Amino acid sequence: MFAWRVWAFPHWQAYGYSLPAAAAVALAAAAAMAAHRRRSRALWLAAGVLFGCTTLCKQSYGLAVAATTGAALVALPFLEPPGRPRTRDVLAPLVLLGAGLLVALGPPLAQLAAQGALDDFVRQAIVQPMRGAVGFHAYLRLPDLWPLHRQDAALGAAIGSYFPAILATVWWPSISASWLLRETPVWDAGLKLVYWAPVFTFAAATLVWGGTAAADLSRRRVDAVHGPRLLALALAGGFLLAFPPPRDWTHLMMVVPPQALLGAALLRDLTARLPGPAARTVRTACWAALALLLGATAALVRDFRRQMDFPLDGPRAGVFADRQNGPLLRDLLEHVERVVPPGVPVPIYPLQPMIGFLAGREPVGGFHVIWPVQDPGRDDRIIADLEGLRPPLVVYGLSQYALLGRFQENAPRLFDYLVAHYAIERVFSREPYGTVLATLARRPDETGGTALRSMGGVEGARETRWPFADVLAVPVGPPGGATAAHARIDVPSGEARLVLAYGINPDRWLGLDAGPFTFSVTVAPAGDAPRTLLRRTIDPGREVADRRWHDATLDLSSFAGQRVDLALAVEAPGAPERPDDLAGFAEPRLLTGRSGLASPR
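So, how was this worked out
- Residues numbered from 1 in each chain as written.
- Predicted model: local features only at pLDDT ≥ 70, side-chain atom pairs only at ≥ 80, totals over all residues.
- Heavy atoms only, no water.
- Salt bridge = Lys/Arg side-chain N within 4 Å of Asp/Glu carboxyl O.
- Buried < 20%, exposed > 50% of the residue type's maximum accessible area, 1.4 Å probe, protein only.
- Helix = DSSP H or I, 4+ residues; strand = E, 2+ residues; numbered from the N terminus.
- pLDDT = per-residue confidence, 0-100.
- Contact = heavy atoms within 4.5 Å.
- Pairing = 2+ DSSP bridges.
- Axes fitted to C-alpha atoms, helices over the stretch in contact; angles between N-to-C directions.
- Phe/Tyr/Trp six-rings, centres within 6.5 Å; stacked < 30°, edge-to-face > 60°.
- Patch = residues over 30% accessible without salt bridge, like charges linked within 9 Å, V, L, I, M, F, W, Y side chains within 5 Å.
- Areas by Shrake-Rupley, 256 points an atom, 1.4 Å probe, with all protein chains shown as cover.
- Core = buried A, V, L, I, M, F, W, Y, C linked by side-chain atoms within 4.5 Å.
- Expected span 1.5 Å × (residues − 1).
- Polar contact = N/O pair within 3.5 Å; in protein donor to acceptor, adjacent residues only side chain to side chain.

1. Comments concerning the pattern of salt bridges
Right, so step 1: What the rule picks out here adds up to 30 salt bridges.
Right, so step 2: Linking R219 and D216 is a salt bridge whose minimum nitrogen-to-oxygen distance equals 2.9 Å.
Right, so step 3: A residue is classified by how much of its surface remains accessible, and R219, at 54% relative accessible area, is exposed.
Right, so step 4: Residue D216 is classed as buried on the basis of its relative accessible area of 2%.
Right, so step 5: The closest approach of N and O atoms between E337 and R361, which form a salt bridge, is 4.0 Å. Of this pair, E337 sits in helix 17 (residues 325-339) while R361 sits in the loop between helix 18 (353-359) and helix 19 (378-389), and the two are 24 residues apart along the sequence.
Right, so step 6: Using a relative accessible area of 52% as the deciding quantity, one classes E337 as exposed.
Right, so step 7: Accessibility expressed as a relative area gives 10% for R361, which makes it buried.

Below is the structure:
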């Protein structure tokens, strides 16, 4: 159990809804075994109550294991002394188990119904998760078992989700550079066998124990061991039943303990049937494997403690973080505390609810995360709350799970609202390949000026929306060979300024191997040579300080009364991936006279 808790890092290390659920279902299984052994009606009722408590922890383990245990209860009387069991013996434990479930679930469900929230509860806690598990194809499935003899490209593409998180956190630099990972199928085969081990273990236990029980029944022989075995299979089978996609490392760890119970019992039965020397050999091998596991686990704990040495001393923290993420979290929490008045909510999007907890701030619209499969009315509810409460800051995480899709695809209406009403205020990033968080500040109601795209259009640029701005995306080309986007405009008399921001698509900051990027704006009156008004170079892939929208105000007063050609271009060495969705100019607009803002943010 000690090793399991460490290898189940990080999601099961702190108190959360999964741990009390796992504890309650384990207690329920233990109560069911005791009830069977003692013929105790009170214990069957207690087992049902504990299964209901598991369900109240917002986990499917409770109902799944309760269902498999109920099926086992129907079969148990037939494993007793020969003869047809009485109906009362078959139904009584099942009825008591169901009554216990109702004792635990009845009052909360009645309260939800009285509040008019039962429909929401069923839809959000049952229907939507099941719809996601069945219909959201981006969720990870079990890795293909074959091939084992060579590296698997599909597993390698999702290695961040399949790989043990504790190893990735503590030892990844040495593992990723190792010959075993880069050149051999050892890691691929090992991971596949670990993922499929619960299925193999359950199948083996079912075949071995089921075969033994069938043989005993055919001989009209009674063995008291069949009942506990059947209940142990119900426990393990229920956990497998409650293991729908995503089947990543985090969720795999939750089905391991009951399978370990089956595996240990099978090994015990095997060694009991072997001759003395062979049994001792098997036991020695098992103890050696366990010692190796415990040694590796202790080494991970040692190195993890050394790595996590930055104290987070807030009233809701009191824990240690690593030296990369700890200071970043501290800076972000202090910024929220300075900028947002007490009691005002702070939305945290899309998947970092821990920040809201540490800041002691509520979300808006009742949604703590933005997930691909949620209530269809989610965006409308959130937008209504944003309009009513008008929070001054929104926290947005640019470090996201790629397999879940982009925020703008999962919440298109909310994304459009945020682009229209919020802009990136500050970026929190400390290392090129580390966490990237941003705070969004509410835009002023009036920005002034005339948008460049409304003055005749811009040829060679694509209008799009990136986090969090309307952008003219310009294709990136090689130095001296970039294809510029052009806009022909009439510069009004008097003072005139072109206000814009330039930068790289924030969704591309993390893991960007291309760059540096040179942005240029030139102006050419009819018949004259072009003049360069802006030429700046940034490298957000390597320089975290460049991870922002860079403001620029360009004076066009010397071209007053003339028709000019504006050329917008971006250059970079090499051939960057998807050059048409990489660099752009945000919200360019023309300001005249002395009015208007100096910059778009």
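What follows picks up the thread again.
2. Quick notes on the confidence of the model for the chain
Right, so step 1: For the chain, the mean per-residue pLDDT works out to 90, and 97% of the residues sit at or above 70.
Right, so step 2: Strand 4 (residues 393-397) holds the highest mean pLDDT among the elements of the chain, 97, whereas helix 6 (residues 118-135) holds the lowest, 82.
Right, so step 3: In this model residues 596-601 is a low-confidence stretch, pLDDT under 50, and it forms 29 contacts with partners more than four residues away in sequence or in other chains.

3. Brief notes about the sheet that holds strand 5 (residues 422-429)
Right, so step 1: Sheet architecture is open: four strands sit in the order 3-4-6-5, paired in mixed fashion. Lying at the two open borders of the sheet, with one neighbouring strand each, are strand 3 (348-349) and strand 5.
Right, so step 2: In this sheet, strand 6 (residues 436-442) lies alongside strand 5 in antiparallel orientation, the contact comprising seven bridges. Paired with F428 across the two strands is L437, which belongs to strand 6.
Right, so step 3: Those strands touched by helix 17 are strand 4, strand 5 and strand 6, and its axis lies near 145° from that of strand 5.
Right, so step 4: Relative to the sheet, helix 21 (residues 412-421) contacts strand 3, strand 4, strand 5 and strand 6, its axis offset from that of strand 5 by approximately 95°.

4. Considerations on the packing of aromatic side chains
Right, so step 1: On inspection of all chains with the given rule, the structure shows 16 aromatic pairs.
Right, so step 2: For the pair F9 and F304, a centre-to-centre distance of 5.1 Å together with 70° between the ring planes defines the contact as edge-to-face. Taken together, the residues F9 in the loop between helix 1 (2-7) and helix 2 (18-38) and F304 in helix 16 (residues 276-307) connect sequence positions 295 residues apart.
Right, so step 3: We classify F304 as partly exposed; its relative accessible area is 22%.
Right, so step 4: Taking 6.3 Å as the distance between ring centres and 15° as the angle between the ring planes, the aromatic pair formed by W466 and W549 counts as stacked. Highlighted residues: W466 in strand 8 (residues 462-466) and W549 in the loop between strand 14 (531-538) and strand 15 (550-555), separated in sequence by 83 residues. Assigned by exposure class, W466 and W549 land together as buried.
Right, so step 5: Among the aromatic residues, ring-to-ring pairing joins Y349, Y396, F407, F415 and F468 into one connected group.

5. A look at a nonpolar patch on the surface
Right, so step 1: A cluster of nonpolar side chains, namely L109, L118, F121, V122, I126, V127, M130 and V134, defines an oily patch on the protein surface of about 640 Å² accessible area.
Right, so step 2: Tracing the sequence through the fold places F121 in helix 6.

6. Notes on the nonpolar core
Right, so step 1: Among the nonpolar cores identified, the biggest contains 66 residues, and Y349, L414, L418 and F517 are the most heavily contacted of them.
Right, so step 2: Per-element accounting of this core gives the leading share, six residues, to strand 12 (residues 496-504).
Right, so step 3: The contact partners of F517, leaving out residues within four places of it in the chain, are V476, I504, L512, R536, T537, I538, P540, V570, E571, A572 and L582.
Right, so step 4: By size, the runner-up hydrophobic cluster in this structure holds 55 residues, among which are A3, A31, V65 and L97.

7. Notes on helix 3 (residues 41-56)
Right, so step 1: When the terminal C-alpha atoms of helix 3 are compared, their 23 Å separation across 16 residues agrees well with the 22 Å that a helix rising 1.5 Å per residue should span.
Right, so step 2: In this structure, the buried side of helix 3 is in contact with helix 2, helix 4 (61-75) and helix 5 (87-114).
Right, so step 3: Between a side-chain oxygen at the N-terminus of helix 3 and the backbone nitrogen of A42 the separation is 3.5 Å; the capping residue is S40.

8. Looking at unusual backbone geometry
Right, so step 1: That bond from W146 to P147 is cis: its omega, 10°, falls within 30 degrees of zero.
Right, so step 2: Considering the arrangement of structural elements, one finds P147 in the loop between helix 6 and helix 7 (153-157).
Right, so step 3: Unusually for a residue other than glycine, R220 sits at a positive phi of about 55°.
Right, so step 4: Looking at the element boundaries, R220 is found in the loop between helix 12 (186-218) and helix 13 (226-241).
Right, so step 5: What makes R220 exposed here is its relative accessible area of 58%.
Right, so step 6: Backbone geometry at R390 places phi at a positive 45°, although glycine is not the residue there.
Right, so step 7: Its location among the elements puts R390 in the loop between helix 19 and strand 4.

9. Side note on the side chain of Q352
Right, so step 1: When you line up the elements, Q352 lands in the loop between strand 3 and helix 18.
Right, so step 2: Residue Q352 is classed as buried on the basis of its relative accessible area of 14%.
Right, so step 3: Residue contacts for Q352: discarding those within four places in its chain leaves G397, S399 and L437.

10. Quick look at the pairing of strand 16 (residues 563-571)
Right, so step 1: Counted residue by residue, strand 16 has eight buried out of nine residues, so it is predominantly covered.
Right, so step 2: The sheet contact formed by strand 10 (residues 476-477) and strand 16 spans two bridges and is parallel. By the bridge assignment for strand 16, V476 is matched with V570.
Right, so step 3: As judged from the six bridges shared by strand 11 (residues 485-490) and strand 16, these two strands associate in the antiparallel manner. Within strand 16, the residue paired with A487 across the bridge is L566.
Right, so step 4: Relative to strand 16, strand 13 (residues 517-525) runs antiparallel, the two sharing eight bridges. Looking across to strand 16, one finds that V523 is bridged to L566.

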